[in-house]
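# Understanding the architecture of this molecule
Listed here are the chains, written in short residue letters.
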Amino acid sequence: MIFLNKIRNFNTLQKKINTMWKEENNKLQRSFEFQDFSEAFAFMTRVALLAEKMNHHPHWTNEYNKVEFSLSTHDAGNIVTEKDHKLADAIEKIYK
């Protein structure tokens, strides 16, 4: 029973995270906003270390306090794959 509850909790969290990310034009997209440039850059640094560890590197942009992601898997023909969803989940954990 405990195992089933963990699965349900994970699925609920997954649905909540997935509503924050939009899948459009074969890309998983999301924007983040921070207090200032330093906070945005610190976030990007943490994501960069994570992406390197996962060997899945995002396309992103940064302008002052905003960071925008556009995730797709190049090796799969620039479509959204499980790798992108896993990276998006990990990015959300860093953001929180």
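For the structure itself, look to the data block above.
Owing to the predicted nature of the structure, the values given are computational and were not obtained by experimental measurement.

Criteria and cut-off values
- Within each chain, residues carry numbers counting from 1 in the order of the written sequence.
- Only residues with pLDDT of at least 70 get local features here, since the model is predicted, and only at 80 or more are side-chain atom pairs given and counted; chain-wide, interface and lining totals rely on the full set of residues.
- Side-chain metrics in this entry use all non-hydrogen atoms of the structure; hydrogen atoms and water are not considered.
- Note on definitions: angles span 0 to 180 degrees between N-to-C directions of axes, and those axes are lines fitted to C-alpha atoms, for helices only across the stretch in contact.
- A helix here means a DSSP run of H or I that spans at least four residues, while a strand means a run of E at least two residues long, and both kinds are numbered starting from the N terminus.
- Should the near helix be turned anticlockwise from the far one by less than a right angle, the crossing is termed left-handed; should it be turned clockwise, right-handed.
- In this description, contact between two residues means that some pair of their heavy atoms is separated by no more than 4.5 Å.
- Helix span, expected: 1.5 Å multiplied by one less than the number of residues in the helix.
- Partly exposed describes any residue whose relative accessible area lies between the buried limit of under 20% and the exposed limit of over 50%, with all areas from a 1.4 Å probe on protein chains only and scaled to the type maximum.
- A pair of strands counts as paired when DSSP detects no fewer than two bridges linking them.

Relative orientation and spacing of two packed helices are given, respectively, by the angle between their axes and the distance between those axes. Look at helix α2 (residues 37–54) against helix α3 (residues 82–95): their axes get within 10 Å of each other, and the N-to-C directions meet at 145°. With respect to the hand of their crossing, α2 and α3 are arranged in right-handed fashion. Between α2 and α3, the contacting residues are F43, R46, V47, L50 and M54 on the first element and K86, L87, A90, I91, I94 and Y95 on the second.

So, about α3. The end-to-end C-alpha distance of α3 is 20 Å, a good match for the 20 Å that 14 residues give at a rise of 1.5 Å each. Of all the positions in α3, only D84, H85, L87, A88, D89, A90, I91 and E92 are classed as buried.

Before going further, it helps to examine the sheet that holds strand β4 (residues 66–71). With antiparallel pairing, four strands are arranged side by side in an open sheet as β1-β2-β4-β3. The two strands at the open ends of the sheet, each matched to only one other strand, are β1 (22–24) and β3 (59–63). Averaged over all pairs of adjacent strands, the angle between strand axes in this sheet comes to 20°, irrespective of strand direction. Across the sheet, α2 lies against β2 (27–33), β3 and β4, angled at about 165° from β3, the strand it touches most. Running at roughly 10° to β2, α3 makes contact with β1, β2 and β4 of the sheet.

All right, on to unusual backbone geometry then. Here the phi dihedral of N55 falls at roughly 55°; this positive angle occurs in a residue that is not glycine. Mapped onto the fold, N55 is located in the loop between α2 and β3. For N55, a relative accessible area of 55% puts it in the exposed group. In this model, N78 sits at a positive phi of 60°, which is unusual for a non-glycine residue. Among the secondary structure elements, N78 is positioned in the loop between β4 and α3.

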